[in-house]
Amino acid sequence: MKTVLISGGNRGIGLETAKKFSKHGYIVFLGVRSHENGLIASHELERLGFKNIIPLLLDITIEKSVKEACKFIGQHTFCLDVLINNAGIRGQQPQPPTSVDIDSIRSIFATNLFGTIVLTQAAMPLLKKSNAPRIVNVSSELASLTLHDNEHWKFYSFKDAGYGPSKTALNAYTVMLAYELRDTAFKINAVDPGYTATEFNGFKGTGDVSDAADLIFKYATLDQSGPTGQFHSKEGQLPW
Ligand SMILES: NC(=O)c1ccc[n+]([C@@H]2O[C@H](COP(=O)([O-])OP(=O)(O)OC[C@H]3O[C@@H](n4cnc5c(N)ncnc54)[C@H](OP(=O)(O)O)[C@@H]3O)[C@@H](O)[C@H]2O)c1
C-alpha cells in the first residue's frame, strides 16, 4: 500500500485530504498537534468508515516532534510516497506592513515556511525510498506577487505583511527544492486550495473542503509526465 503524511491533519483541508487518500487505499499518517485532537479526528474517521489512518503527534515548529514523527513512520513503513505540507496559520489580523508586530510575522514564518522545511528535510530519507515521491506544499493565491501587482485581482487589497509573504517564501522553497531534485522521480508543486470554508477564515471561504482535497490529491498523484516546481490552482497554473 502507498503511504502519505499530512501535516495539520486533524481538521479543515488536511482532514478532508486524509479522507481522500484513505478512499484511494493509502496508509495515511495524520499529523496532529495534540493527543486529544488526534483522538477526536480518528474516532470521527473510524465512525465514517475510513480505514488505515494513523494519527501521530506532529508540531512542525518543534524539531524534536518532527524527528519523532518521521522515526515513527519509519518504524511502520519502508518508504513514504507522498508528503502533504498542509499545516499553516494565518496569524493575527490585521498585519499592516508599517506596524505589524514582528513577533507575529516570525510566528507565521515559523510554521508556514521554517516548519515546512524542517518537516520536508526530515521526511526526505523516507521519500527517497519511494519509486515516485510527491510533495505538495499547500500555498495560497495570496503568495503571488504577480497577482498583487494587478489592481483588478479580487484579492488586490489583501496586503498582509505576514501571511501572504510567508507563502511567497514557501513557493520560492518549492522552486529551489524541485530544482535540486530535478533529475529524480520527485514531483514537487505548490497548490492553492482556493478560498475554502474552514476555521482558518471563520468558515467564510466560498469553496468546499472536498474540492480543495481533490486538487491536492491531483498534484500528489501526478504521473511521471506531470509538472514539478510549479504553482497551481483549480483554474490552472498561477503566476509567481
Ligand atoms: N482555508 C482557506 O481558504 C485557505 C486558502 C489558501 C490556503 N490555505 C492553506 O491551506 C492549509 C490548511 O488550511 P485550513 O483552511 O484547513 O486551516 P485550518 O482549518 O486552520 O487547519 C490548519 C491545520 O494546521 C495545523 N497546524 C497549525 N500550526 C501547526 C503546527 N505548528 N504544526 C502542525 N500543525 C499545525 C492546525 O492544527 P491545530 O488544530 O492544532 O491548530 C490545523 O490542523 C494552510 O496551509 C492554509 O494556509 C487555506
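Rules behind the numbers
- Residues numbered from 1 in each chain as written.
- Predicted model: local features only at pLDDT ≥ 70, side-chain atom pairs only at ≥ 80, totals over all residues.
- Heavy atoms only, no water.
- Helix = DSSP H or I, 4+ residues; strand = E, 2+ residues; numbered from the N terminus.
- Expected span 1.5 Å × (residues − 1).
- Buried < 20%, exposed > 50% of the residue type's maximum accessible area, 1.4 Å probe, protein only.
- Contact = heavy atoms within 4.5 Å.
- Phe/Tyr/Trp six-rings, centres within 6.5 Å; stacked < 30°, edge-to-face > 60°.
- Lys NZ or Arg CZ within 6 Å of the ring centre and 35° of its normal.
- Core = buried A, V, L, I, M, F, W, Y, C linked by side-chain atoms within 4.5 Å.
- Salt bridge = Lys/Arg side-chain N within 4 Å of Asp/Glu carboxyl O.
- Pairing = 2+ DSSP bridges.
- Right-handed = clockwise from strand over helix to strand, strands pointing away.

(A) Broad picture of helix 6 (residues 163-180). With 18 residues, helix 6 extends 26 Å between its outermost C-alpha atoms, agreeing within 8% with the 26 Å of an ideal straight helix rising 1.5 Å per residue. All buried positions along helix 6 are accounted for by Y163, G164, S166, K167, L170, N171, Y173, T174, L177 and A178. As for helix 6, its buried residues are in contact with helix 4 (102-127), strand 5 (134-138), strand 6 (187-191) and strand 7 (231-233).

(B) Examining unusual backbone geometry more closely. Q93 connects to P94 through a cis peptide bond whose omega is -5°. One non-glycine residue, N52, adopts positive backbone phi at about 60°. Take N52: it is sitting in the loop between helix 2 (35-47) and strand 3 (53-57). Judged by relative accessible area, N52 falls into the partly exposed class, the value being 39%.

(C) Region of the structure containing the packing of aromatic side chains. Enumeration over the complete set of coordinates arrives at ten aromatic pairs. Both rings, one in W153 and one in F155, keep their centres 5.8 Å apart while their planes meet at 90°; by these two values the pair is edge-to-face. Residue W153 is classed as buried on the basis of its relative accessible area, which comes to 8%. Its relative accessible area of 15% is what places F155 among the buried residues. Members of the aromatic cluster, each reached through a chain of ring pairs, are W153, F155, F158 and Y195. Above the face of the F217 ring, K20 is positioned so that its terminal group lies 5.5 Å from the ring centre.

(D) How the structure looks around the nonpolar core. Ranked by internal contacts, the top residues of the largest apolar core, which has 31 residues, are L5, L119, L127 and I135. Broken down by secondary-structure element, the contributors of at least two residues to this core are strand 2 (27-32), helix 3 (63-76), helix 4 and helix 6. Tallying contributions element by element places helix 4 first for this core, with nine residues. Residues I6, L45, F217 and A220 belong to the second largest nonpolar core, which totals 27 residues.

(E) Focus on the pattern of salt bridges. Taken as a whole, this structure holds six salt bridges when the rule is applied. The residue D214 makes a salt bridge to K20 at a minimum N-O spacing of 2.8 Å. Of this pair, D214 sits in helix 7 (residues 209-220) while K20 sits in helix 1 (residues 12-23); the two residues are 194 residues apart in sequence, bridging distant segments of the chain.

(F) Main features of the pairing of strand 5. Across the five residues of strand 5, five count as buried, placing the element largely inside the fold. Note: strand 4 (residues 82-85) against strand 5, four bridges, orientation parallel. Bridge pairing in strand 5 places N85 opposite N137. Note that the unit made of strand 4, helix 4 and strand 5 has a crossover that is right-handed. Two elements, strand 5 and strand 6, share five bridges in a ladder whose sense is parallel. When the sheet's bridge partners are listed, I135 is paired in strand 6 with I188.

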